[in-house]
Amino acid sequence: MHKLILDFSRSAIFHVILLIALCGVLYFPFLGSVPFFDKGEPREALAVQDIVQRGEWLVPLKRATDIPSKPPLFHWSAASVARVTGSLNEATIRFPSALYATLGVLLIYWLGRKIFDAKTALLGAAILATMMIYQDQALSARVDMTLCFVVTLNLVLFYSLYRGFLTNPIWFYVFYALVGVGTLAKGPLGLVLPALVAGSFLIMQRKWDWFKKFCFHPGVILAFVLAIGWYVIAVTRGGEGFFNRQILQENLGRFFGGSGHSHPIYYYIPYLFSQSLPWSLFLPLLLWDVFKAPIRPDDDRLFLKLWFLVMFAFFSISVGKRPVYLLPLFPALSLLLAAWFYEATSVGKGRLAIYRGIGIIAALTGALFVVITLGALWSHDQTWFFAPIESLLKAKDRANLVAVRAQLKNFGWSFTVLSLLAAALWLSVARSLWLGQLRSVAHQLIFLSILNGIAGWSVVMPVIAQEKSYRDFMIEVNQRLSPNAKLYLFGRFNSDPVVFYRGGVIDKLDQSAQIVADKTATGNAYIIMDERTWKRIQEIKPDLTALLNSQGKGAEGDAPLVLVRARLS
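Residues numbered from 1 in each chain as written. Predicted model: local features only at pLDDT ≥ 70, side-chain atom pairs only at ≥ 80, totals over all residues. Heavy atoms only, no water.

Within the protein, the secondary structure is distributed over 24 helices and five strands. When each of the 569 residues of the protein is scored for burial, the buried share is 53%. The long-range share in the protein, meaning contacts at least 24 apart out of those at least 6 apart in sequence, stands at 76%. Looking at the protein as shown, the accessible area adds up to about 25,700 Å², and 64% of this sits on carbon and sulfur atoms. (Helix = DSSP H or I, 4+ residues; strand = E, 2+ residues; numbered from the N terminus. Buried < 20%, exposed > 50% of the residue type's maximum accessible area, 1.4 Å probe, protein only. Contact = heavy atoms within 4.5 Å. Areas by Shrake-Rupley, 256 points an atom, 1.4 Å probe, with all protein chains shown as cover.)

Structure follows, in structure tokens:
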């Protein structure tokens, strides 16, 4: 018995080290490699900046005046990292997402080991770590990975209490405390999602006594105090504006009205596949095999199935939809997929034919990489392949592709090496599929995902960010202007990254273009405006010239900035 426990401990420690190393390779090296360039990251970064600069931990604000759209758990985490490291930048603000992602992977490993076995748990955790959406959010300074972690933690704790994996009564209080804290990740979702999954599971199990045990436990008071306490204080300080912003608009308005993200009920179906690449190659087979089986109350898969189904249904019913909202359901999907890979040992002729069909797709993908590589070596130009694709993309995606294509010729041998490695892996996947060796396919997809992640965040994303980010522009602005210089914003553009990289609040001008044009050209003040606004100013005063132009064009790729001198009282 002692030897069995010792072997279990050794294998668990080894697996944990492997998973930490996997996350360490995929996430942490790239935390600072890409400047802020979209709308979401600098928006959250401003709340973190407010905590660090003004010490406003309880109700952090954007620009020291604007109510943020999300509760502060992520902001508190990032500000703590900034305080410890003494640095406030992209890496420190993104660090909590990478940390929570890593902890989420370890949680899924622990749960998988309890309800399946060590190998299934390890594969499930690795699948989660390498899913495209999970990698992306692990490197994002946004609240979604924080929500995913607290929801995963609460559901793992719930099921562990239900199954008796955790028997000490103190764990009930830990569970309720974390449920309360979960509302500070992204509002009521931190409470609603675990409650819906847990409630559905108990109903399916007909465990009415467990409803009483959970609903009337003294820990409910603790959860209520932690969940409501901060909101009461925040409403007291923020008033009606806070209530409208965080409760009505971000929650009720988003669920019932969409708030600018309205989509049909089937919107998430293609995103379920695209966001889980490359594992989504097997998603139709997994869903067919898992959900065609009869419901067995003693099957641990029932909990994972409901975790996936309830969340997918909830987000599909919601009027407001964004692909990233699906993130909290992928931990359950990862464990289901891992179990499917290990249990799909017998391969009939019909199923083997399906595997070989997928293998043909993999082989064609590998052959495509070979052709791209040979074409690059032959013509010394890697951009030829992308020209036909441009016409098929939306304007925003086309701009990203053009930016990457323009830089490919500068990658040199690194492009060739990455392309050949991708080709070899895809062809290897195709061979294993042709032979029906699913476990080998799973292991190869992990390495393929690692390669894609490293290539994406070391090569592709920096190029896209460079094309859009205002960081370099603001670095030069800060070099030219002293911290006390009078600087203003004018025009309609997303100024959050400008304010963040300036390092402090910048006032906005609320004046007509005519008045601003009359005051531009001389003086001891400065204005940052978008290029469209600047052209209107030049139409009024054609002889004006800008002090500085940005190379970055903003999140939508259509708003380069200019710095001008002005005479403002």
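Don't stop here, the text continues.
Residues Ile 170, Trp 171, Tyr 173, Val 174, Leu 222 and Leu 226 make up a contiguous nonpolar surface patch of about 460 Å² in total accessible area. Of all the elements in the fold, those that place two or more residues in the nonpolar patch are helix H8 (170-186) and helix H11 (219-256). If one sorts the elements of the nonpolar patch by residue count, H8 sits on top with four residues. Along the polypeptide, Leu 222 turns up in helix H11. (Patch = residues over 30% accessible without salt bridge, like charges linked within 9 Å, V, L, I, M, F, W, Y side chains within 5 Å. Salt bridge = Lys/Arg side-chain N within 4 Å of Asp/Glu carboxyl O.)

The subject of this paragraph is the pattern of salt bridges. Evaluation of the coordinates by the stated rule reveals twelve salt bridges. Put simply, Arg 351 and Asp 289 hold a salt bridge, and the shortest N to O gap is 2.8 Å. In this pair, Arg 351 is assigned in helix H16 (residues 349-379) and Asp 289 in helix H13 (residues 283-292), connecting sequence segments 62 residues apart. Exposure class is identical for Arg 351 and Asp 289. Each is buried. Where Arg 301 meets Glu 343, a salt bridge forms, and the shortest distance between an N and an O atom there is 2.1 Å.

So, on to the packing of helix H4 (residues 90-115) against helix H7 (residues 144-163). At their nearest, the axes of H4 and H7 sit 9 Å apart, and the two run at 20 degrees to each other. Relative to H7, the element H4 lies roughly parallel. Taken as a pair, H4 and H7 cross one another with a handedness that is left-handed. Together, Ser 97, Tyr 100, Ala 101, Leu 103, Gly 104, Leu 107, Ile 108, Trp 110, Leu 111 and Ile 115 of H4 and Met 145, Thr 146, Phe 149, Thr 152, Leu 153, Val 156, Tyr 159, Ser 160 and Arg 163 of H7 make up the contact between the two elements. Along the lines of polarity and charge, the residues of the contact of H4 with H7 split into 13 nonpolar, five polar and one charged. (Axes fitted to C-alpha atoms, helices over the stretch in contact; angles between N-to-C directions. Parallel < 35°, antiparallel > 145°, perpendicular 65-115°, else oblique. Left-handed = near helix turned anticlockwise from the far one by under 90°. Nonpolar A, V, L, I, M, F, W, Y, C, P; charged D, E, K, R; others polar.)

So, about unusual backbone geometry. Omega for the bond connecting Leu 277 with Pro 278 falls within 30 degrees of zero, at 0 degrees, which places this linkage in the cis form. Mapped onto the elements of the fold, Pro 278 is located in the loop between helix H12 (268-274) and H13. Unusually for a residue other than glycine, Arg 206 sits at a positive phi of about 55 degrees. Positionally, Arg 206 belongs in the loop between helix H9 (189-205) and helix H10 (208-215).

Right, let's talk about the packing of helix H14 (residues 301-317) against helix H15 (residues 330-343) for a bit. Put simply, H14 and H15 touch, their axes get as near as 8 Å, and they point 135 degrees apart. If you check the angle between H14 and H15, you find them oblique. Seen from above, H14 lies across H15 with left-handed handedness. Between H14 and H15, the contacting residues are Arg 301, Leu 304, Lys 305, Trp 307 and Phe 308 on the first element and Pro 331, Ala 332, Leu 333, Leu 335, Leu 336, Ala 339 and Glu 343 on the second. Along the lines of polarity and charge, the residues of the contact of H14 with H15 split into nine nonpolar, no polar and three charged.

Our focus in this paragraph is the sheet that holds strand E4 (residues 548-549). Pairing within the open sheet is mixed, and its five strands lie in the order E2-E1-E3-E5-E4. Strands at the two margins of the open sheet, each flanked by one partner only, are strand E2 (507-508) and E4. Sheet analysis places strand E1 (residues 486-490) next to E2, joined by two bridges and oriented parallel. Looking at the pairing, Leu 489 lines up with Lys 508 of E2. In this fold helix H24 (residues 531-540) packs onto E1, strand E3 (520-530) and strand E5 (561-566), with an angle of close to 135 degrees to the strand it touches most, E3. (Pairing = 2+ DSSP bridges.)

Moving on, we come to the pairing of E3. For E1 and E3, the ladder comprises five bridges, and the chain directions are parallel. Counted as the bridge partner of Leu 487 is Tyr 526 from E3. Across seven bridges, E3 lies against E5 in antiparallel orientation. If you follow Ala 525 over to E5, its bridge partner there is Ala 566.

On to the nonpolar core, then. The biggest cluster of nonpolar side chains holds 126 residues, and the ones touching the most others in it are Tyr 134, Phe 282, Leu 304, Trp 307 and Phe 341. Counting residues per element, this core draws most heavily on H7, which supplies 14 residues. Excluding its chain neighbours within four sequence positions, the residues that come into contact with Leu 304 are Leu 111, Ile 115, Phe 116, Ala 332, Leu 335 and Leu 336. Among the nonpolar cores identified, the runner-up in size contains 30 residues, and Leu 489, Ile 528, Ala 559 and Leu 561 belong to it. (Core = buried A, V, L, I, M, F, W, Y, C linked by side-chain atoms within 4.5 Å.)

Applying the stated rule across the entire model yields 32 aromatic pairs. Centroid distance Tyr 159 to Phe 303: 4.4 Å. Interplanar angle 15 degrees. Geometry classified as stacked. Pair noted here: Tyr 159 is in helix H7 and Phe 303 is in helix H14, with a separation of 144 residues, a long-range link. On the basis of relative accessible area, Phe 303 is assigned to the buried category, the value being 0%. Relative to Phe 315, the ring of Phe 314 lies with its centre 5.4 Å away and its plane at 75 degrees, an arrangement referred to as edge-to-face. Note on accessibility: Phe 314 and Phe 315 belong to one class, buried. (Phe/Tyr/Trp six-rings, centres within 6.5 Å; stacked < 30°, edge-to-face > 60°.)

Moving on, we get to empty space enclosed by the protein. To locate leftover empty space, one rolls a probe as large as a water molecule over the atoms. Summed over all chains, the structure comprises one cavity of 30 Å³ or more. Estimated volume of the largest cavity: approximately 30 Å³. Lining of the largest cavity is provided by Pro 294, Ile 295, Arg 296, Asp 299, Arg 301, Leu 302 and Lys 305. (1 Å grid on protein atoms, 1.4 Å probe; cavity = no way out; pocket = protein on both sides within 12 Å on 5 of 7 lines; lining within 4 Å. Points joined across faces, edges and corners; volume = space filled by probe spheres on them.)

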